[in-house]
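An overview of the molecular structure
Residues per chain, in single letters:
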Amino acid sequence: MSEGSYVPPRVWQWEAGNGGEFASINRPIAGATHERELPVGRHPLQLYSLATPNGVKVTIMLEELLALGFEGAEYDAHLIRILDGDQFGSGFVAVNPNSKIPAMVDHSVNPPQRVFESGAILLYLAEKFGALLPQDPAKRTECMSWLFWQMASAPILGGGFGHFYAYAPEKYEYPIDRYTMEVKRQLDVLDRHLAAHRYLAGDEYSIADIAVWPWYGALVRNALYDAGEFLDVASYTHVQRWAEDIAQRPAVQRGRMVNRTWGDPAEQLHERHDASDFELRTQDKLAV
């Protein structure tokens, strides 16, 4: 069937395994596929995740809180292997009925509180600890606007551009052009704003930056979809400056390692249960 010749049926029917890297885990229904309890560690916060951009948001947030001295932000990060379908286990579905990472349970409250969706987790933690969320009403509103901008925009970058450019079984000009145009418009939105502001909410680093950086920061640092040249990311100089500034933060460097299962073994910490794990339990050390 040539491009443009597809005629949608009156009623769509799902064909399992219909192509693409994630075909084996995509399905049009919700709910658990198997019984599996989630592990629970010794810390107040239990995170179930993978180091995708959405997962990295939360581990960066937790490491930033710990760097600020909030001992209650200690956490266990359990690895959820999405290509193995871990997110469809009954325990995970009970925490996030949408079967997406990241998901978190706060055991410091009674009964334990589940939190799902990365933006909701960032906001929950910011309010719980009173940090990384501006107190000034105008700055807080600006922060929230950028947080929700990211939540609304990332599906264009990930599910749209990323899918058709990097993961689809075949390359089609129309969807790649359509999503490329929108991603570049979003980069221009960021670049114009960051030309006049150090961070997204002004001069104060916040959950808005933590939400946006794993997606758009990674993109302009050519660490997402290997699309830097294609998108001409070097032309977004203010986003580049912002992305490199945040990349130098020690908490960011630690956070992006947690639940990471690819790349340099020295930067992979499959699970994090103690601060010492960054020194003792990265994959390069465990392989020795």
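Just so it is clear, the structure is predicted and the values come from calculations on it, not from any experiment.

Here we take up the overall build of the protein. Regarding its fold elements, the protein presents eleven helices and four strands. A compact globule built from 288 residues would reach a C-alpha radius of gyration of about 19 Å, and the protein, at 20 Å, matches this within 12%. Across its three principal directions, the C-alpha atoms of the protein cover 60 × 50 × 45 Å. Burial analysis of the protein (288 residues in total) assigns 46% to the buried set. Put simply, the protein shows about 14,400 Å² of open surface, and 53% of that area lies on carbon and sulfur atoms.

Turning our eyes to something else, we now look at the pairing of strand 3 (residues 103–106). Of the two faces of strand 3, the one carrying A103 and V105 and the one carrying M104 and D106 are both buried. Here strand 1 (residues 45–49) pairs with strand 3 via four bridges, running antiparallel. Bridge pairing in strand 3 places Q46 opposite V105. The turn linking strand 3 back onto strand 4 (residues 113–116) is made up of six residues.

Spatial ordering of the open sheet is given by 2-1-3-4, a layout of four strands whose pairing is mixed. If you trace the sheet from one side to the other, it starts and ends with strand 2 (75–79) and strand 4, each paired once. Averaged over all pairs of adjacent strands, the angle between their axes in this sheet comes to 20 degrees, without regard to strand direction. Sheet topology note: the strand 3/strand 4 ladder contains four bridges and is antiparallel. The residue of strand 4 that forms the bridge with M104 is V115. In this fold helix 3 (residues 118–129) packs onto strand 1, strand 3 and strand 4, with an angle of close to 130 degrees to the strand it touches most, strand 4.

Once that is clear, we can look at the packing of helix 3 against helix 4 (residues 137–167). One way to put it is that helix 3 packs onto helix 4 with a least axis distance of 10 Å and a crossing angle of 155 degrees. By the angle class used here, helix 3 and helix 4 are roughly antiparallel. Touching S118, G119, L122, L123 and E127 of helix 3 are R140, M144, L147 and M151, all from helix 4. For the contact of helix 3 with helix 4, the per-class residue count stands at five nonpolar, two polar and two charged.

Criteria and cut-off values
Residues numbered from 1 in each chain as written. Predicted model: local features only at pLDDT ≥ 70, side-chain atom pairs only at ≥ 80, totals over all residues. Heavy atoms only, no water. Helix = DSSP H or I, 4+ residues; strand = E, 2+ residues; numbered from the N terminus. Rg over C-alpha atoms; globule rule 2.2 N^0.38 Å. Buried < 20%, exposed > 50% of the residue type's maximum accessible area, 1.4 Å probe, protein only. Areas by Shrake-Rupley, 256 points an atom, 1.4 Å probe, with all protein chains shown as cover. Pairing = 2+ DSSP bridges. Axes fitted to C-alpha atoms, helices over the stretch in contact; angles between N-to-C directions. Contact = heavy atoms within 4.5 Å. Parallel < 35°, antiparallel > 145°, perpendicular 65-115°, else oblique. Nonpolar A, V, L, I, M, F, W, Y, C, P; charged D, E, K, R; others polar.

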